Structure formats: structure tokens, C-alpha cells
Amino acid sequence: MSTHESVQTPPPADAGSGTRIGILTSGGDSPGMNAAVRAVVRSTLRLGGRPFGILEGWRGALAGGDGIRELGWDDVGSLLHRGGTVLGSARCPEFRERDGLRAAALHLVQHQIDRLVVIGGDGSLRGAEELRQEWPELLTELVRAGELDGTAAEAHPRLRVAGLVGSIDNDMAGTDMTIGADTALHRIIEALDALSSTAASHQRTFVVEVMGRHCGYLALMAAVAGGSDAVLVPEGPPADGWQSGLVASIERTRATGQRDSLVIVAEGATDQAGRPITSAAVAEALGERMGERARVTILGHVQRGGRPSAYDRWMPTLLGYAAVRQLLQAAADAPSQIVGVRHNQVAVLPLSEAVRDTNAVKTALESCDFDVAREARGSSFATLSRLYAQLSQPPAELVDGRPHPSRAFTGGAASSGPGPTGPRPRVGVLHVGGLAPGMNTAVRALVRFGLTDGMEVVGIEDSLAGLARGRVRDLGWAEVDDWVGRGGAFLGTRRHVPTPAELPALVDAVARHRLDALVLVGGLDAYLTAEVLVRGGAEHGPLGIPVVCLPASIDNNLPGADLSVGADTALNTVVEALDRIRTSASATQRCFVAETKGGRCGYLTMMAGLASGAERVYLPEDRLRIADIAADAERMSRSFAEGRRLYLVLRNEMASTHYTTDLVARVFEEEGGDLFDVRSTVLGHVQDGGDPTPFDRLLATRLARVALDEVSRRWAEGAAGGCYVGEVAGRATVTPVDRLAEETDLVAGRARSPWWSELRPVIAVVSDRHRSVAPVDLPLAAGRDQAR
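What counts and what doesn't
- The written sequence of each chain sets the order in which its residues are numbered from 1.
- Whole-chain, interface and lining totals are the exception, using all residues; otherwise, since this is a predicted model, local features are given only for residues with pLDDT of at least 70 and side-chain atom pairs are given and counted only at 80 or more.
- Values shown for side chains rest on all heavy atoms present in the structure; no hydrogens or waters enter the calculation.
- Strands are labelled as partners when DSSP assigns at least two bridges between them.
- Labels follow the DSSP assignment, with helices taken as runs of H or I lasting at least four residues and strands as runs of E lasting at least two, numbered in each case from the N terminus.
- Angles run from 0 to 180 degrees between N-to-C directions of axes, and those axes are lines fitted to C-alpha atoms, restricted for helices to the stretch in contact.
- Only protein chains enter the accessibility calculation, which uses a 1.4 Å probe. A residue is then buried if its area is under 20% of the maximum for its type, exposed if over 50%, and partly exposed in between.
- Should any heavy atoms of two residues lie within 4.5 Å, those residues are considered in contact.
- Nonpolar core, defined: a set of buried Ala, Val, Leu, Ile, Met, Phe, Trp, Tyr and Cys residues in which side-chain atoms within 4.5 Å join the residues together.
- Reported orientations rely on four angle classes, namely roughly parallel under 35 degrees, roughly antiparallel over 145, roughly perpendicular from 65 to 115, and oblique for the rest.
- Just so you know the grouping, Ala, Val, Leu, Ile, Met, Phe, Trp, Tyr, Cys and Pro go in nonpolar, Asp, Glu, Lys and Arg go in charged, and all remaining residues, Gly too, go in polar.
- In this analysis, the expected span of each helix is defined as 1.5 Å times one less than the number of residues it contains.
- Think of pLDDT as the predictor's per-residue confidence, scored from 0 to 100.

1. Regarding the sheet that holds strand S20 (residues 616-618)
Hydrogen bonding along the main chain pairs the strands of a sheet, whether they run parallel or antiparallel. The strand order across the open sheet formed by four strands is S20-S21-S19-S22, and the pairing between neighbours is parallel. The open sheet is flanked by S20 and strand S22 (677-682), the only strands paired with a single partner. Between one strand axis and the next, the sheet turns by 15° as a mean value, whatever way the strands run. As paired elements, strand S19 (residues 590-596) and S22 share six bridges and run parallel to each other.

Here it is as C-alpha cells:
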């Protein structure tokens, strides 16, 4: 079937008479482009404009005719789950020539288009900016040549451009993530997890080459999230003779008892002299010096294919909506803008600035200033570059994967200088609250960071009950090696907040096992537990040691953290289930009412609605009334009467006490009559399970470092007390547990004023044409630092 069979040639029935906006995808395809196309088309229609698809990238603009087609609402239906781009994409060398620019301008003006949304890489976006700058002169040339009427040229004197960066490489400055990068990382981690199981079975070494051109983002993030033993990236090239250092590092990890080895090689990796380092060369070096054959896997274009991740659906949806708003509001002579994302909020900056900052990375690499290059890639890249060695290389002082008894504590990564020295602090790690994917990743990072710092990290099984019963055990370097990607919680967890009567037993257990600090990995129960332990009871004083909470909850309801470990995995699980539901409903006219988890926090439901294309979401934050259900039933009937085959409604499990999922479904069934049928489903505990996504692994790793740094600081200062760590607006934060009540609605069990609540209006804009909605401007991110 042709890529464009779903695109209608005649003007759609819902075409308006407003501003015309063209949209094209250019350069290499990336998962999530279709989500952006859908959002641009539907946002344009809802805001009174007329969207036009330009097929095959700039080639369609040069060809004109059927290469530029008006699009309607249904032309972009059922696109969110599809990889690639429905508009098609192609390289177009002719567009770089003057004649090509002139042809593109002519055909755009003929279609009365003077606003463009361009989705592509830096080359495609630079081409768009060149067209914008040359536009007045191009029109003048066309009028002089008699190819364009002067009235048409006067009606469209300037071109406005909004760019969305579509690239799996994540190599464009100004946006935390480019469209497709998260999905590509998913593909890589799936492959690494599969390879790790066979590598461990045979004590083998695998060398895996990943894409990214001259950017090491995918390689570095895959190395951290996949638990590799070594990584080679353009931003950190080794010196001549790198083979000896690589072999020495792998032999050191093997000495801890680790059975297998994994090396990640970025396709653009070089040594410091600029000589390429290929995956074959790495395998050859390992084979010659270690006496074992290393297997090579080149993942190739599989990294660019497949269904987009949840992030690569909801993020491009927001960007597409914001790009349309930007074009409708921009001044006629405004420079081309990049619409990206920073700290999960929309960010807008001139394309020229993004290009300048991107070129700064290339300049730093060419001048061998690798520290500057890593910092220019963004804070997350720079942070994980520094932390990777601590995760992958065991200290030489380890004996059987554990610290030597005589080794002194040297302080954490936050220390400036050598740090304090002295007896090693003994840190207990346990889970409190509901299960969240990524808990094992957090424990692994805590253990390895702790061992690197000279701490002694012990695992407490079965939560607080296990602590009281003495279920405390040492955790070694190799023991936690494969925990990086394993779902569940190997230490076990319980939903229980201790009472004052239980404090004496816990205090006694802490003293008996010589614990100098506790790190609680969990949800709101963990935060409440820290508060109890720090404050103590009327008959018993406080615990007297530092207690640090690391947020892990699929509900994403915790204060002091924009995202909790586990929420991204749960979201992807929900979206995958809804994809299957959508497929099952393709043969009939059916409404599905799906219930998601989340407690009294609507994050999971709302973001799943954005990522799955749900027409309606019911959240605990909004009061659900019978009038709302009746109005939705009426809109639903109109949609099915127009030929819609599926109407998806998501309901948070706590959206209403009385209007249950079953009741809502029965109301819709009654109102639908013979027009459509209704099915309901409760997704349940499947949302708690599964292996953690790459993002949850990376987040757990970063937060583990922040937590241990806080333990180190308090240990050095002799300070007790409790706190919770997190990342807010891309910055690591530490909040005293005393502020828990101030930052949390304890009755509802969720943080006050979360960042995602302002995104709710977008669902109504892009998913249900029958709902009236006032256009809103999304909050813009402050600052320019890349974080994700």
C-alpha cells in the first residue's frame, strides 16, 4: 500500500477559510513524526486554519501539484502508534539550488501557504530558514519572470517557519529530546537486554554498535541504562593505545565475579587523533588480548523503526500544537523558531541560536576540548558521562565485589576535592510503598556508587518489617550487575507507615546492624515513614541518623520531583495496552472505557490520553458530574454517526467514587442504542510490572547519586534529619521532609500544582473535534539547559 493512500486528494468537508499552514517531514524519518503531523493538522483545524501536507519533504514543495494536498481531521487518524512518517520524506539536493528555492516558493504561494511547520534534522531546518530569508527576493524574481501574479506575491510577502527537530540522534541544541530519540533508545535497550541474557549464559563478551552519527547520546544512555562495562563515544575519545585500557577495565569487572561483558560503540567513535574506532576493531582487540572471541552486533536501522514510545507520542503532540500557536501569533518578519521541549515544557528559541549552539559542540570536538563538548550536549549528558565510570568500573580495593575492611570513606561525587576520610558509613537501602519498575535499578546504582565512595551499602529485605526482623544483607558489585533492567523489587516492598509504637523496634534494629543512614526507595508511604522516623514518638526520640527518600511510584504523585521512577514504564505499559484495544475495535463501531491506576493523581491517565489519542479522560483533579457523562455520550453518538469506528475514554481509578468505570460504560451503552456498543476494561496491576524503560533506569541512576551525595554531606557534618530528593525543572533538588505537608495534599495523596496539569486542554484540541475548547498557550520553559 502506498504511504499516501490515507491522504485525501479533494478538499475535506471540514476545511475552513482561515490561515493556511503547510507541514512537511524531511531528512531521515524518526518515530513520533506522525504524532507531530497529527497534532499540527488537528490544531490548525481547531484554531480556524487550513492544513496542507507537503509530500516527500522538500521534493513535494518543488514538484507542486499533487505534492501539496489539503488535509482533514480523519486523514491523520490512527497515526499515533505508527512509526515513520505518513507524509513521506526524501533527500532533495535540488532544494539547495536557487532554482529549487524558487520552485518551492512558487508552489507554496500558489496554494496560499506562507506558514510552514518543518519536522526534520538540522539540515532540513537550515533549508527552511534559508527559504524564509530569501522569500521576498524569490517572489520578486518570480513576478519579474511572469511565473507569479503580483497580487499573490503581495498577499504573502513573508514566510513564517516553526521547526520541530525529528532525529533519533538527539544532536540538536535547544531541546532536551529530539523526536524519535526516546524510541531509538527503547530499541537499543531491548536488544541489550536480550544480548545480556545469552552473554551471561556463556560468559561471553558482546560489542554492540549503535547509531547517532557524531553524537554519543544514544551510546552513552544505552551504556548506563543497559549496564555495559565500557562505552566509546565521540565526546570522550580515548588516547592512542586505547586497546590496553579497555581490556584492563573489563578484566577488573570480571575479577569481581561478573560473568559477561558488554561494550557499546557509537558509530562516530574515534580516538583522540580522530582515527575511527569501529565495533570490529574493538572485538579484534578484545579477542587478541583476552583470548576469547567477542561477538559483534550492529543494530543499524532497526533503531529508527517500530512503534513510537509513549514519550515520542505525547511530546510531539504538545510540540505540534505549540508550533501552530507560534505560527498564528508570530510577527511577519520573525526568524525561524525551533519549538522543542525543556524539562517537559515547551521551549521556543530562534533556529539560528540552536544551530550556533549545535555547531559549538562540533567546534569543541574538533579542538579536542571534550569537557566543553560534553557540557554542551546538555546537563543530563554531562552528568551521566561523569557518573558512568563509577557505575562500570569497580574500585581496585574491592575484594570479592565488596570493600576491603581497611578502606576509608572518601566522600561522594558532590564533594569538591578529596572529601572527608574516616570510618566507612554503613547505609541501609529498603523499599517502602507500592511496587514501581526501576526500584532494582535504583538499588544497583546505590550499591555501586556507595562502593565507589567507600561506603558499605546493605540491602534490607521485606521493607520495615524486614528491618525489625534483622533481614539485612550485604550487596556486592557483581551481585547487583543484572539488576539494572530487571522489573519488580528484589528486596521486596510493603505499603506500611510505622506507628510510634513500632519505633523502639526499628531504632533497636538500626543500632544492632550499625546503620549510619537509611535510603528509602518508594512512594508517599516512604515519605511519611521518613517523617515518622525523623520526628520520633512521644515516648521515643527520633531515629538520629540521616533518612533520604528516593521517589519511586507509578502514580507520579510525589512532591519535590517532576517525575518518579516507574511512572514512565507504567505509562508505556498503558499505551501498549491501549494500542491493542484500538486494534481489537477496528472491525466494529465501539466505545472502550479503560480504567487506569494512579490513585488520586491523574498523571498516568492524562499522559496516556495524550499518547493514545483518547477522546476523553476522567481525572481525580476534575469533578466528574453526570452532566459530563451525558454530554460525552451525545458527542460520542455524533462521532459514530459520522463514521467513527472507535471512541476511547480513559478513567482514572479514583476519578469518582460513584461514577465507576462499569457505570460509565453502562450509561454509554444505553445512550448509544444500536449505533455503537461499549466495552470496559480495567488494566489493573499490569501497570506495576515489566522491565523499566530506559528513562526510568536513567532517572533512578541520577537520583541514586543525589541521594548518596546527601548521605555523604550529612555524614560529614554529623547531621541527622530526613529529606526527599528529586529533579525539578531539570535540576537535582533536596527537600527537608518537614515540608512534606506544605508541598503535598495529604488527603488526596498527591503533590500540589504539578507541572503536567496545564497540559490538559491539548487533549480536547487534538482528539475530539466535537468538544468546544478555547485555545491556550502552553507554559514555556525557562532557561536553556538540556536535561532529559
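Now, onward.
2. As for the environment of Val76
With respect to the element layout, Val76 can be found in the loop between strand S3 (68-70) and helix H3 (98-110). By relative accessible area, Val76 is classed as buried at 2%. Note: C-alpha distance between Val76 and Ala184 (108 residues apart in sequence) is 23 Å. Contacts of Val76, omitting those with residues within four sequence positions, involve Val37, Arg38, Val41 and Arg42.

3. Remarks on the sheet that holds strand S18 (residues 547-551)
The strand order across the open sheet built from seven strands is S16-S15-S14-S17-S18-S23-S24, with neighbouring strands paired in mixed fashion. The sheet is open, and its two borders are formed by strand S16 (472-474) and strand S24 (731-736), each paired with just one other strand. Taking the axes of each pair of neighbouring strands and ignoring which way they run, one obtains an average angle of 30° across the sheet. Across four bridges, the pairing between strand S14 (residues 426-432) and strand S15 (residues 456-460) is parallel. Bridging from a neighbouring strand, Gly428 pairs with Val458 of S15. In this fold helix H17 (residues 524-535) packs onto S14, strand S17 (517-522), S18 and strand S23 (722-728), with an angle of close to 170° to the strand it touches most, S18.

4. Examining the nonpolar core
One finds Trp314 and Met607 to be the most contacted residues of the largest nonpolar core, which totals 143 residues. Here Met607 is in contact with Trp314, Leu571, Trp755, Trp756 and Leu759, once residues within four sequence places are set aside. Of all hydrophobic cores here, the second largest spans 36 residues; its members include Leu62, Leu138, Val165 and Leu349.

5. Section: unusual backbone geometry
The phi dihedral of His343 is positive, around 55°, even though this residue is not glycine. Looking at the secondary structure, you find His343 in the loop between strand S10 (337-342) and strand S11 (345-350). Located in the positive-phi region is Asn556, a residue other than glycine, with phi close to 50°. Tracing the chain through its elements places Asn556 in the loop between S18 and helix H18 (567-584).

6. Some words on the packing of helix H7 (residues 217-226) against helix H22 (residues 694-717)
Close contact between H7 and H22 brings their axes to 9 Å; oriented N to C, the two are set at 75°. In this view, H7 runs roughly perpendicular relative to H22, as classed from their interaxial angle. Where H7 approaches H22, its residues Met221, Val224, Ala225 and Gly226 are matched on the opposing element by Pro694, Arg697, Leu698 and Thr701. Along the lines of polarity and charge, the residues of the contact of H7 with H22 split into five nonpolar, two polar and one charged.

7. Some remarks on helix H11 (residues 351-366)
For H11, spanning 16 residues, the distance from its first C-alpha to its last is 23 Å, which sits close to the expected 22 Å at 1.5 Å a residue. What H11 keeps buried is the set Leu351, Ala354, Val355, Thr358, Val361, Ala364 and Leu365. Where H11 is buried, its residues touch helix H4 (122-144), S10, S11 and helix H12 (370-376). Downstream of H11 by one or two residues, Cys368 has phi in the positive range, about 60°.

8. Quick notes on the side chain of Ser124
Residue placement: Ser124 occurs in helix H4. The buried category is assigned to Ser124, whose relative accessible area is 9%. If sequence neighbours within four positions are ignored, Ser124 has contacts with Ser26, Gly27, Trp58 and Val118.

9. What to know about the pairing of strand S8 (residues 261-266)
Of all the six residues making up S8, six are buried; the element is thus mostly covered by neighbouring parts of the structure. On S8, burial covers both faces: Ser261, Val263 and Val265 on one face and Leu262, Ile264 and Ala266 on the other are all buried. Strand direction decides the pairing type here: strand S7 (residues 230-232) and S8, joined by three bridges, are parallel. Bridge assignment links Ala230 to a residue of S8, and that residue is Val263.

10. As for H3
Between its first and last C-alpha atoms H3 spans 18 Å; for 13 residues at 1.5 Å apiece the expected length is 18 Å, and the two agree. Residues of H3 that are buried include every one of Gly100, Leu101, Arg102, Ala104, Ala105, Leu106, His107, Leu108 and Val109, and no others. Contacts made by the buried residues of H3 are with strand S2 (50-54), helix H2 (58-63), S3, strand S4 (115-120), H4 and helix H5 (150-155). Trailing H3 by a residue or two, Gln112 shows a phi angle of about 60°, which is positive.

11. A look at the confidence of the model for the protein
Note: predicted coordinates in regions of low pLDDT should not be interpreted at a detailed level. For the protein, per-residue confidence averages 89 on the pLDDT scale, and 93% of positions sit at 70 or higher. Residue range residues 414-421 is modelled with pLDDT below 50. Its contacts to residues more than four positions away, or to other chains, number nine contacts. Overall, residues 783-788 carries pLDDT values under 50, and its contacts beyond four positions in sequence, including any with other chains, amount to 35 contacts.

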